[in-house]
Amino acid sequence: MAKLVSMVPLLKAAERRSQENPGNGSSIGAFNVNFYAQAEGILEGLRRAGAPGIIQASRGANKFQGGASKIQDMVLRAMSSLKMDNYPVCLHLDHGTPETCVDCINSGFSSVMVDMSEEPLERNIAVTAEIVKIAHKKGVSVEGEYGGLGGVEEDVEQQAVYSNPLLVPYFFAETGADALAVTYGTSHGPNKFGPEVNLDHVLRIEVVEKSYRGLVAYGLNEKCFLVGHGSSTIPKDIVAEINANGGKLKDARGVPLEKIIAGRNAGIRKFNIDTDLRLGITAEFRKYLYKDNPDIVKKCEPLRLAKDVFDGKIAAKDKDGKPVDPGKLTDPRSYLDPIDREILRKDYRGTEMEELMTRVKNRVAAHVEMLVTQVFNCAGLADAVKA
Ligand SMILES: [Zn+2]
């Protein structure tokens, strides 16, 4: 049976590598998951790079798959299938409420994020500290958030504000949390910045630098870690691929790779990547269903249902059930929604979906491998975590 670890040993290994290589920091990737082939893709990408990693499920993902324990079971089976039972992998709840945190702690997650960032700081601290008490008893790590992120992600939709670096050590000291999402100008979703935005003004790397320096000053940097949300790069070629196969995405703009690297060097130890994987998966679905194998829908009922969503024959909805233009779909849950969840949680091998899901897995694996190797600089760290 596969075993999950908390995020602490992973982030600590990245912190140690950062200390050993001044000016060339290291961080860990946290990748969102919704279905089985995506889980295998993330794991495969990590393994190819010898990188430890975090698989995270949002509240929406848990709901989509019918509960936290179903996601946990799916990830453990993917680990076993790839013979990664003892590989350093953390399963983390992204943007939890106090209730969903407790549910995930009891369902075998090894880490949770309690997002009280919209509450006043004192209440944020009190609730986060409460979750830390419950989680740490079970060896589960906790991420908090202070500040707020712009953009749209899951149930989070707000304007960007910036974290106050002076309060970062205070937040850790008062809550006992292991990690803290800081806001330095990144935002959620596929439309992060309009074309008119000057990223040098919006992305304030100095917020990270000052926060990290505070942790070092208090000697907290090997047990308290900074997290960057909304860090997808939105590769233009993937957007073009989606649009070449019937998509109608507008020019999307993510965080440039050099800005992620700057954040990493300034002290971010965990980067959250969701949108990039969604776009890659959507590109594979569209290419397969419209160009490479349009006839598959005659023999594969689940893929017929997915294509009916892209074609507008089944109404496309977002995660809140609101109608979406099918040309603008990027969230796989929208076009996977009519499909039986049990099929999506199972190994795809030997089914009519095998060819497409293998492509999805490989696409996710390639992107994860590229990021952890070239951007996060955590390739080869898996052994350091185990040690
Ligand atoms: Zn987030």
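Remember, predicted model here, so these are calculated numbers, not experimental data. (Residues numbered from 1 in each chain as written. Predicted model: local features only at pLDDT ≥ 70, side-chain atom pairs only at ≥ 80, totals over all residues. Heavy atoms only, no water.)

1. What to know about unusual backbone geometry
- In this structure, H95 takes a positive phi of about 50° despite not being glycine.
- Looking at where H95 falls in the secondary structure, it is placed in strand β3 (residues 89-96).
- Relative accessible area serves as the criterion here: at 2%, H95 is assigned to the buried category.
- Its identity is not glycine, yet I234 carries a phi of approximately 50°, on the positive side.
- You can see I234 is positioned in the loop between β10 (225-228) and α10 (236-244).
- I234 gets classed as buried once you look at its relative accessible area, which sits at 3%. (Helix = DSSP H or I, 4+ residues; strand = E, 2+ residues; numbered from the N terminus. Buried < 20%, exposed > 50% of the residue type's maximum accessible area, 1.4 Å probe, protein only.)

2. With respect to the domain arrangement of the protein chain
- For the protein chain, the assigned domains are domain 1 (8-275 + 365-386) and domain 2 (282-358).
- Averaged C-alpha coordinates put domain 1 and domain 2 at centres separated by 27 Å.
- Listed per partner, the contact involves 26 residues of domain 1 and 25 residues of domain 2.
- Between domain 1 and domain 2, a total of about 2,300 Å² is buried, with carbon and sulfur atoms accounting for 57% of that surface.
- When the buried area of domain 1 at its contact with domain 2 is split by residue, F35, F64 and N245 rank highest and sum to 28% of it.
- For the pair domain 1 and domain 2, the interface holds two salt bridges.
- Of the charged contacts, one joins D325 and K248 as a salt bridge, the two residues approaching to 3.6 Å between their closest N and O atoms.
- Remark: the boundary between domain 1 and domain 2 carries nine residue pairs in polar contact (both at pLDDT 80 or more). (Domains from an automatic or database assignment. Contact = heavy atoms within 4.5 Å. Buried area = accessible area lost by both parts, 1.4 Å probe. Salt bridge = Lys/Arg side-chain N within 4 Å of Asp/Glu carboxyl O. Polar contact = N/O pair within 3.5 Å; in protein donor to acceptor, adjacent residues only side chain to side chain.)

3. A short note on the packing of aromatic side chains
- One pass over the full model with this rule turns up seven aromatic pairs.
- Centroid distance F31 to F376: 6.5 Å. Interplanar angle 40°. Geometry classified as tilted. Residue F31 is found in strand β1 (residues 28-32), and its partner F376 is found in the loop between α17 (354-375) and α18 (382-386); the two are separated by 345 residues along the sequence.
- Members of the aromatic cluster, connected to one another through ring pairs, are F285, Y290, F310 and Y335.
- Across from the ring centre of Y162, 3.8 Å away, lies the NZ or CZ of R204, which sits over that ring.
- Geometry around Y212 places R269 over its ring, the cationic atom sitting 5.3 Å from the centre. (Phe/Tyr/Trp six-rings, centres within 6.5 Å; stacked < 30°, edge-to-face > 60°. Lys NZ or Arg CZ within 6 Å of the ring centre and 35° of its normal.)

4. Some remarks on the sheet that holds strand β5 (residues 141-146)
- Spatially, eight strands are ordered β1-β2-β3-β4-β5-β8-β10-β11 in a closed barrel, and the strand pairing comes out parallel. Taken over all neighbouring pairs, the strand axes of this sheet differ in orientation by 25° on average, direction set aside.
- For β1 and strand β11 (residues 268-273), the ladder comprises four bridges, and the chain directions are parallel. Within the sheet, the bridge partner assigned to G29 lies in β11 and is F271. (Pairing = 2+ DSSP bridges. Axes fitted to C-alpha atoms, helices over the stretch in contact; angles between N-to-C directions.)

5. Regarding the pairing of strand β8 (residues 179-182)
- Residues of β8 alternate between two faces, with A179 and A181 on one and L180 and V182 on the opposite face, all of them buried.
- Pairing between β5 and β8: four bridges, direction parallel. Looking at the pairing, Y146 lines up with V182 of β8.
- Alignment of β8 against β10, held across three bridges, turns out to be parallel. Bridge pairing links A181 to V227 in β10.

6. What to know about the packing of α10 against helix α12 (residues 275-292)
- At a closest axis distance of 9 Å, the pairing of α10 and α12 adopts a crossing angle of 30°. Classified by the angle their axes make, α10 and α12 are roughly parallel. Classified by chirality, the crossing of α12 by α10 is left-handed. Facing I238, V239, E241 and I242 of α10, the residues of α12 in contact are L279, G280, T282, A283, R286 and K287.
- When its residues are assigned to classes, the contact of α10 with α12 shows five nonpolar, two polar and three charged. (Parallel < 35°, antiparallel > 145°, perpendicular 65-115°, else oblique. Left-handed = near helix turned anticlockwise from the far one by under 90°. Nonpolar A, V, L, I, M, F, W, Y, C, P; charged D, E, K, R; others polar.)

7. Digging into the nonpolar core
- Residues F31, F285 and F376 are the most contacted members of the largest nonpolar core, which totals 116 residues.
- In terms of residue count, the dominant contributor to this core is α17 (eight residues).
- Each of domain 1 (8-275 + 365-386) and domain 2 (282-358) contributes no fewer than three residues to this core.
- Membership of the second largest hydrophobic core comes to eight residues, among which are I234, I242, A252 and L279. (Core = buried A, V, L, I, M, F, W, Y, C linked by side-chain atoms within 4.5 Å.)

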